[in-house]
Amino acid sequence: GLDDARRRFDDVAREAAYVEALRDHYAGLFRLPRKFAAARARVEGDQIRREEFDRIAALVERPLAAARRAFTAAERAVADPVGLVRAAPEAIRAVRRSRDRLHADTRSWREITPMWEEDRADDEDARRARTYHLLASRFAEGAAWTPAA
């Protein structure tokens with residue numbers, strides 16, 4: 001009855017809330033390409049540094065696109081409130097798949113994001129080199145995006 005429908009809706013809402021918390025975390029990740037572009041602009045006259053920022057930009061493209069797709073999949077799973085009540089278990093499974101993927105992927109970004117939270121030019125060479133190393137080791141073409149546990 002109505003109580004069962006409310007319980008199902010609450011279960012789905014709880015799962016969706018976790019995805020929204022991850023969205024807040026990913027906001028910083030989604031800002032990284034702009035930060036890299038700004039840093040690249042500061043080294044426009046230095047071909048080697050500029051090319052390294054180009055490689056960094058290419059390396060973040062695929063995993064950030066995958067994260068956007070995971071958020072979209074979670075949103076689709078909860079888009080129809082009436083359907084949620086009828087198909088709550090399936091919606092919960094879909095949201096959890098997206099949630100788990102997004103959560104697992106956050107481990108790959110733990111060292112990268114904090115380096116770029118403040119846009120300081122004084123340590124840019126070190127940040128660029130460290131960022132490239134971390135991205136290349138985690139997100140290179142053909143590499144698994146989620147590190148082994």
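One structure accompanies this document, and this report is about it.

## So, the packing of aromatic side chains
Piece 1. By the definition in use, this model includes 6 aromatic pairs.
Piece 2. Consider the rings of F30 and F71, whose centres lie 6.3 Å apart with planes at 65°: the pair is edge-to-face. Highlighted residues: F30 in helix α1 (residues 2-42) and F71 in helix α2 (residues 47-77), separated in sequence by 41 residues. Both residues of the pair, F30 and F71, count as buried.
Piece 3. Within the aromatic cluster, the residues linked to one another by ring pairs are Y26, F30 and F71.
Piece 4. The residue whose ring lies beneath R99 is Y18, and the NZ or CZ to ring-centre distance is 5.3 Å.

## As for the nonpolar core
Piece 1. Counting 29 residues, the largest nonpolar core has W109, W116 and L135 as its most contacted members.
Piece 2. Elements supplying a minimum of two residues to this core: α1, α2, α4 (88-109), α5 (112-115) and α6 (124-139).
Piece 3. With 10 residues, α2 is the single largest residue contributor to this core.
Piece 4. Setting aside residues up to four positions removed in sequence, W116 forms contacts with L32, K35, F36, A39, F53, R127, R128 and T131.
Piece 5. In terms of nonpolar packing, the next biggest core, distinct from the first, is built from 5 residues, L84, A88, A91 and I92 among them.

## Structural notes on the pattern of salt bridges
Piece 1. A complete count under the given rule lists 23 salt bridges for this structure.
Piece 2. The residue R49 makes a salt bridge to D125 at a minimum N-O spacing of 2.8 Å. Taken together, the residues span a long stretch of sequence, with R49 in helix α2 and D125 in helix α6 at a distance of 76 residues.
Piece 3. Three or more residues are tied together by salt bridges with common partners; here these are D4, R7, R8, D11 and R14.

Thresholds, definitions, all that
Residues numbered from 1 in each chain as written. Predicted model: local features only at pLDDT ≥ 70, side-chain atom pairs only at ≥ 80, totals over all residues. Heavy atoms only, no water. Phe/Tyr/Trp six-rings, centres within 6.5 Å; stacked < 30°, edge-to-face > 60°. Helix = DSSP H or I, 4+ residues; strand = E, 2+ residues; numbered from the N terminus. Buried < 20%, exposed > 50% of the residue type's maximum accessible area, 1.4 Å probe, protein only. Lys NZ or Arg CZ within 6 Å of the ring centre and 35° of its normal. Core = buried A, V, L, I, M, F, W, Y, C linked by side-chain atoms within 4.5 Å. Contact = heavy atoms within 4.5 Å. Salt bridge = Lys/Arg side-chain N within 4 Å of Asp/Glu carboxyl O.

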